[in-house]
Amino acid sequence: MSKTNSRTQLFSSAPVHKAFFTLALPSVFGKLIMLFYNLADTWFIASTDNADMVAGVALVSPIFMIMIALGDIFGVGGSSLISRLIGEQKKEDTRRISALCFYGALILGGILALFLLLFKHPILPLLGTDIDTFSYASDYYTYIILGTPLILTCNTPMNLLRTEGLATASMIGSISGSITNIILDPILIFGLKMGASGAAIVTVIANAVALLVYTSFYRKAEWITIHFKHLRFYFEDIKNIFSIGIPAALNNLMNSFAMAMTNRVLVPFGNDVIASWSLAGRCTMISTMLLVSCSFSSLPLIGYNYGQKNYARLKEILKFIYTFEISLALACAFIMTIFAPNLISIFMDDATVVATGTQILRHQLLGIAFSAIILISTCVFQATGNGKATMATTLSRQGLLFIPILFLFSHLWGFQGILFAQPLTDLLTALLVIILLLRSPQLKSLRS
């Protein structure tokens, strides 16, 4: 049996648990390595014992998330469309669209970099920088922006490789970038004494390495390509990519906006609190990356069977994934709640920061099971081409619900109110997605 047929059989007839874990485990492993380098990045910066530097880098984090978000236009939007087309056995369409996604992301990254460089000075104060954090934030911002085309484009092959079962190739690309980051961080931050600038430069180099590795695996792919000869700009293709890609991008953009707004309401409480929130967020990434990698690994599996109209198998897949994801979320919450002080103290051995960070982390974990429901449901909407439901979920979670709750609660109850804003938002959004699932026309056949 050819490798291509083997990958197709994985989607269409392999036991659900085997198909899921074949796709998920390489992604989880790759994400864990990425998480390790993110935590190492934070650890190296925090090891300077400079809370202003930690806060300055944290204040620029929303900009980095914007790059990842816009990469989702072509990464998630393209993989959603391609996975359905593979199920329909439309090879020429998948190759044309994969080329469009790669070069579209590269062009978008160049445009974004130019815009962010031109408006650097008005943007930094909007992010919440002050006299103590401005120089660190400015250094980190400049170098991250110069790498925007690479960072944004990197998200596309990472997602598209998984659409035809090349999850291990996607994992290897992630690991390559992560190892590069881990090796170079101490050299530039401490050895060359470049501080925040060094951390940003290393991030850009790591993404360049990952992108080279990702693209090298395209030669093994049958359904996707980056050959320029396949590049075509058809309105219908762009429309189909954007119908899922833009809501997916808005999800991360809203996360970035929510992070920026959270930093703003935390400013009156001091840079130590901002630093504590950042460190707690890094710890939360442990559970978040596990949940995200598991849920989004299922997108090609869901999309393929939806494209084939294999609704009996699709129903079995969804039952398994929801059960597994919620169980994983609860296990993560239980373990991390117990070891919260230990996790925070890894980064900064400051009694105030550890106490505040522990309190923040435990509150952030309250809504993790609801986050699991939201993540899987979002993947179902994306894989089945339900852009409206994806958009409604995105705008509600970190925008229409979170921002008003954040400002209202911070006004009424101060710091304690801020702590409860996200868990309550996740609960309300989980209830919304359940309603959207029950009303989704794409899932009508599953309800019969």
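Just so it is clear, the structure is predicted and the values come from calculations on it, not from any experiment.

Some points on the overall build of the protein
Step number 1: Across its full length, the protein holds 17 helices and zero strands.
Step number 2: The C-alpha atoms of the protein give 21 Å as radius of gyration, which agrees with the globular expectation for 448 residues (22 Å, within 12%).
Step number 3: In terms of overall dimensions, the protein has C-alpha extents of about 60 × 45 × 35 Å along its principal axes.
Step number 4: Per-residue burial over the protein gives 62% buried out of 448 residues.
Step number 5: Considering only contacts within the protein whose residues lie at least 6 apart along the sequence, 83% involve residues at least 24 apart.
Step number 6: Counting only carbon and sulfur atoms, one obtains 68% of the accessible surface of the protein, whose full area is about 17,700 Å².
Step number 7: Here the protein contributes 29 positive and 21 negative side-chain charges, whose respective centroids are spaced 15 Å apart.

Concerning the environment of F320
Step number 1: When you line up the elements, F320 lands in helix α13 (residues 311-338).
Step number 2: Its relative accessible area of 24% is what places F320 among the partly exposed residues.
Step number 3: Once residues within four sequence positions are removed from consideration, F320 is found in contact with V16, H17, F20 and F21.

Concerning α13
Step number 1: Here α13 is 28 residues long and its end C-alpha atoms lie 41 Å apart, about the 40 Å a rise of 1.5 Å per residue gives.
Step number 2: Taken together, the buried positions of α13 are R313, L314, I317, L318, I321, Y322, E325, L328, A329, C332, A333 and M336.

Focus on unusual backbone geometry
Step number 1: In the Ramachandran plot, Q89 falls in the positive-phi region, its phi being about 60° despite a non-glycine side chain.
Step number 2: One can find Q89 in the loop between α3 (51-87) and α4 (91-118).
Step number 3: The backbone phi angle of K309 is positive, close to 60°, even though this residue is not glycine.
Step number 4: Turning to its location among the elements, K309 is positioned in the loop between α12 (299-307) and α13.

Overview of the confidence of the model for the protein
Step number 1: Of all residues in the protein, 95% have pLDDT values of 70 or greater, and the mean over the chain is 84.
Step number 2: Per-element confidence in the protein is highest for α13, whose mean pLDDT is 93, and lowest for helix α1 (residues 3-12), whose mean pLDDT is 65.

Quick look at the packing of helix α6 (residues 134-146) against helix α7 (residues 148-160)
Step number 1: Interhelical geometry of α6 versus α7 gives an angle of 60° and a closest axis separation of 4 Å. One element, α6, and the other, α7, form an angle in the oblique class. Note on element contacts: α7 touches α6 through T148, P149 and I151, opposite I144, I145 and L146.
Step number 2: Class assignment for the residues of the contact of α6 with α7 results in five nonpolar, one polar and no charged.

Some words on the pattern of salt bridges
Step number 1: By the definition in use, this model includes five salt bridges.
Step number 2: One salt bridge in this structure joins E222 and K91, with 2.2 Å as the shortest N-O distance. Residue E222 is found in the loop between α9 (195-216) and α10 (235-266), and its partner K91 is found in helix α4; the two are separated by 131 residues along the sequence.
Step number 3: Note on K91: relative accessible area 30%, which makes it partly exposed.
Step number 4: Here D93 makes a salt bridge to R96, at a shortest N to O gap of 2.9 Å. Pair noted here: D93 and R96 are both in helix α4, with a separation of three residues, about one helical turn.
Step number 5: Classification of D93 by relative accessible area gives partly exposed; the value is 24%.
Step number 6: Relative accessible area serves as the criterion here: at 16%, R96 is assigned to the buried category.

Observations regarding α9
Step number 1: Between the first and last C-alpha of α9 there are 32 Å, a value that for 22 residues agrees with the 32 Å anticipated at 1.5 Å per step.
Step number 2: Judged by how many residues are buried, α9 sits mostly within the fold: 17 of 22 residues are covered.

Section: the environment of L160
Step number 1: Tracing the backbone shows L160 in helix α7.
Step number 2: The exposure class assigned to L160 is buried, which follows from its relative accessible area of 0%.
Step number 3: When the C-alpha atoms of L160 and A275 are compared, they prove to be 35 Å apart, with 115 residues separating the residues in sequence.
Step number 4: For L160, the residues in contact, after removing those within four places along its chain, are F74, G75, G78, S79, I82, S98, C101, Y218 and I224.

Some thoughts on the environment of G75
Step number 1: Its location among the elements puts G75 in helix α3.
Step number 2: In this structure, G75 is in contact with N155, T156, N159 and L160, ignoring residues within four places of it in sequence.

Topic: the packing of α12 against helix α16 (residues 368-383)
Step number 1: Where α12 meets α16, the closest approach of the two axes is 9 Å, and the angle between their N-to-C directions is 40°. In terms of orientation, α12 lies oblique with respect to α16. In this structure, α12 meets α16 at a crossing whose hand is right-handed. Every residue of α16 that contacts α12 at L299, I302, G303 and Y306 is listed here: C379, V380, Q382 and A383.

Considerations on the packing of aromatic side chains
Step number 1: Counted under the stated rule, the structure contains 14 aromatic pairs.
Step number 2: An angle of 70° between the planes, with centres 5.5 Å apart, marks the rings of F20 and F320 as edge-to-face. Of the two residues, F20 is situated in helix α2 (residues 16-46) and F320 in helix α13; the sequence distance between them amounts to 300 residues.
Step number 3: Ring geometry for Y103 versus F228: centroids 5.3 Å apart, planes at 85°, classification edge-to-face. Placement of Y103 in helix α4 and of F228 in the loop between α9 and α10 is noted, with a sequence separation of 125 residues between them.
Step number 4: Since its relative accessible area comes to 58%, F228 is described here as exposed.
Step number 5: The rings of F20, F21, F320 and F324 are connected pair by pair, giving a single aromatic cluster.
Step number 6: One cation-aromatic arrangement involves K91 over W223; the distance from NZ or CZ to the ring centre is 5.6 Å.

Thresholds applied
Sequence positions are assigned chain by chain, starting from 1 and proceeding in written order. pLDDT decides what is reported in this predicted model: residues at 70 or higher carry local features, side-chain atom pairs at 80 or more are listed and counted, and totals for whole chains, interfaces and linings draw on all residues regardless. Side-chain figures throughout are based on the complete set of non-hydrogen atoms in the structure, without hydrogens or water. Secondary structure elements are taken from DSSP: a helix is a run of H or I of four residues or more, a strand is a run of E of two residues or more, and numbering for both begins at the N terminus. Both definitions apply: the radius of gyration is a C-alpha atom measure, and the globule rule equals 2.2 Å times residues to the power 0.38. Relative accessibility thresholds used throughout: buried, under 20% of the residue-type maximum; exposed, over 50%; partly exposed, between the two (1.4 Å probe, protein chains only). Note on contacts: a residue pair qualifies if any of its non-hydrogen atoms lie within 4.5 Å across the two residues. To be clear on the numbers: accessible area is Shrake-Rupley with a 1.4 Å probe, and residue cover counts the displayed protein chains and nothing else. Charged residues are defined narrowly, with Lys and Arg counted positive, Asp and Glu counted negative, and His plus the chain ends left uncounted. By convention, the point assigned to a charge is CZ for Arg, NZ for Lys, CD for Glu and CG for Asp. Between the first and last residue of a helix there are one fewer steps than residues, each counted as 1.5 Å, and that sum is the expected span. pLDDT: the predictor's confidence for each residue, scored from 0 to 100. All axes here are fitted lines through C-alpha atoms, helices being fitted over the stretch that makes contact, and every angle between N-to-C directions spans 0 to 180 degrees. Oblique is the label for any angle not covered by the other classes, which are roughly parallel (under 35 degrees), roughly antiparallel (over 145) and roughly perpendicular (65 to 115). Residue polarity is assigned by list, with Asp, Glu, Lys and Arg as charged and Ala, Val, Leu, Ile, Met, Phe, Trp, Tyr, Cys and Pro as nonpolar; anything else, Gly included, falls into the polar class. We define a salt bridge as a contact between a side-chain nitrogen of Lys or Arg and a carboxyl oxygen of Asp or Glu at a distance within 4 Å. Whether a crossing is left-handed or right-handed is set by the direction in which the near helix is turned from the far one by less than a right angle, anticlockwise for left-handed and clockwise for right-handed. We call Phe, Tyr and Trp rings a pair once their centres come within 6.5 Å, taking the six-membered ring for Trp, and we label the pair stacked below 30 degrees between planes, edge-to-face above 60, and tilted otherwise. For a Lys NZ or an Arg CZ to count as sitting over a ring, it must be within 6 Å of the ring centre and within 35 degrees of the ring normal.

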